[in-house]
Amino acid sequence: MSWLDFFRSSRKQEKGRKEEAKKIACQNLDAEIKAEFESLNKKIQDAGQQARQGILQLNSELKGHISTLRNISLDGKKEPERLKFIVKENLYHYISCLQKLADELENLTIDRNYLERISIIFENFRKNSINAFEKATILIGKEMDDARNSIKAFSENFNSIITQNKDAFEREKTANQLKNLMLKLEDEKNAGLQIENSLQNMEENLKGLEKQRTEKEKKLEEIKNSSEYKELLEEKEKLRGRTGELDKEIFSLKQELDLKYLSKYFHYEKEKSQILKEYIENFKSALENDNNLQIAQIIKEIKLDFDIERISAHRGADKSHRRRDKKAKP
């Protein structure tokens, strides 16, 4: 497994390895996690410093290897020019990869992801330089091997640092997971408190509404049992009876007027015909809205002896009855 694979992999327990579970009181969990992070961060920082020392040593060696490789000449070799051209091209490419490796390692900032970024840099170097290295070693041996051996020595030392601190990296993953769970638990706790407060407010509002309903029901019951209310009911019954009588009288008056006959008689007089039409469609409504009693004038033209006061009296009685009916409604 490469260094990069180690950083990307999920935590796996070694075969046969058993860890004793540590019991922590819930109220002490936050402090325990904080202390664990402090301890792990120190270990990871120490590992980063060790790797940094190895990088300083490697970069010093790479400068020498790059200078040596740039000074290599293939002019004295008795090989086909085409082959020497291929070797030179790949040598220059390999030198470029070495220089890029040295620059990236030199400019790398030491932080939490320092070791992982070292792994990424070396993984990219390997992918970009492997073909060039193999083609350049066709005619160049020792100098290429020297550069490779320096990188190999650093790799072995770096792998040792990763292995020694493997437990710290894995424990940090677990601590992060636990911290995230604690944050999620805190969020859910806060959400639960909000819901509880909302339910409490709703319950208080419901009690208030229930109290208002009870008070209104009590007030309504008092009104129904009052003498004023009973008198209103009696008045309403009397008015209902009077309404029936008025309706009968108005119906009788309507029949006596013979509105259809009048409508035919004044068929060619538009204004009178319209007034008669309104009376035919709704006699009571037309009578109520006929403020000037135009119907009386129309009737007098046909029935000279008709008592117009009857219409006026019915209209006044109907309006008065309607006003009293509105007042009598409980």
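Predicted model only: the values in this text are computed from it and were never measured.

Draft legend 1. Quick look at the overall build of the protein. Across its full length, the protein holds 12 helices and zero strands. The order of helices and strands in the protein, counted from the N terminus, is α-α-α-α-α-α-α-α-α-α-α-α. Counting across all 330 residues of the protein, residues that qualify as buried make up 29%. For the protein, the exposed surface amounts to about 23100 Å²; the carbon and sulfur share of it is 49%.

Draft legend 2. Inspection of the environment of Asp75 at higher detail. The topology assignment puts Asp75 in the loop between helix 2 (29–70) and helix 3 (81–106). Assessed through its relative accessible area of 60%, Asp75 is described here as exposed. Every residue in contact with Asp75, bar those within four places of it in the chain, is listed here: Lys84 and Lys88.

Draft legend 3. Structural context of the pattern of salt bridges. For the structure on display, the rule yields nine salt bridges. By sharing partners, the salt bridges in this structure join Glu210, Arg213 and Glu217 into a single network.

Draft legend 4. Layout of a nonpolar patch on the surface. A surface patch of nonpolar side chains, amounting to about 330 Å² of accessible area, comprises Ile195, Leu199 and Met202. Looking at the element boundaries, Met202 is found in helix 6 (residues 166–224). Look at Met202 and you get exposed, because its relative accessible area is 55%.

Draft legend 5. Spotlight on the nonpolar core. Counting residues in each nonpolar core, the largest one holds 36 residues, and the members touching the most others are Tyr94, Leu98, Ile118 and Ile151. Membership of the second largest hydrophobic core comes to 16 residues, among which are Leu259, Leu262, Ile275 and Phe306.

Draft legend 6. Layout of helix 5 (residues 142–164). With 23 residues, helix 5 should reach 33 Å at 1.5 Å per residue; the first-to-last C-alpha distance of 33 Å fits that figure. Residues of helix 5 that are buried: Met144, Ala147, Ser150, Ile151, Phe154, Ser155, Phe158, Ile161 and Ile162.

Draft legend 7. Structural context of the confidence of the model for the protein. When pLDDT is averaged along the protein, the result is 78; 72% of the residues meet or exceed 70. This stretch, residues 10–19, has a pLDDT under 50; its non-local contacts, to residues over four places away or in other chains, come to 12 contacts.

Draft legend 8. Inspection of the packing of aromatic side chains at higher detail. Evaluation of the coordinates by the stated rule reveals four aromatic pairs. Here Tyr94 and Phe125 contribute two aromatic rings whose centre-to-centre distance is 6.1 Å and whose plane-to-plane angle is 50°, an arrangement assigned as tilted. In this pair, Tyr94 sits in helix 3 while Phe125 sits in helix 4 (residues 114–136), placing the two residues 31 residues apart along the sequence. Note on Phe125: relative accessible area 10%, which makes it buried. Centre to centre, the rings of Phe154 and Phe158 are 5.8 Å apart; their planes meet at 20°, and the pair counts as stacked.

Draft legend 9. Broad picture of helix 9 (residues 270–281). For helix 9, built from 12 residues, the straight-helix expectation of 16 Å at 1.5 Å per residue is met to within 8% by its first-to-last C-alpha distance of 16 Å. Among the residues of helix 9, Lys272, Ser273, Ile275, Leu276 and Tyr279 are the ones counted as buried. End-on, the buried residues of helix 9 take up no more than an arc of 160°, which puts them together on one face. Facing away from the buried side of helix 9, by more than 90 degrees, are the exposed residues Lys270, Glu271 and Glu281.

Reading guide: rules and limits
Residues numbered from 1 in each chain as written. Predicted model: local features only at pLDDT ≥ 70, side-chain atom pairs only at ≥ 80, totals over all residues. Heavy atoms only, no water. Helix = DSSP H or I, 4+ residues; strand = E, 2+ residues; numbered from the N terminus. Buried < 20%, exposed > 50% of the residue type's maximum accessible area, 1.4 Å probe, protein only. Areas by Shrake-Rupley, 256 points an atom, 1.4 Å probe, with all protein chains shown as cover. Contact = heavy atoms within 4.5 Å. Salt bridge = Lys/Arg side-chain N within 4 Å of Asp/Glu carboxyl O. Patch = residues over 30% accessible without salt bridge, like charges linked within 9 Å, V, L, I, M, F, W, Y side chains within 5 Å. Core = buried A, V, L, I, M, F, W, Y, C linked by side-chain atoms within 4.5 Å. Expected span 1.5 Å × (residues − 1). pLDDT = per-residue confidence, 0-100. Phe/Tyr/Trp six-rings, centres within 6.5 Å; stacked < 30°, edge-to-face > 60°. Arc of directions from axis to C-beta.

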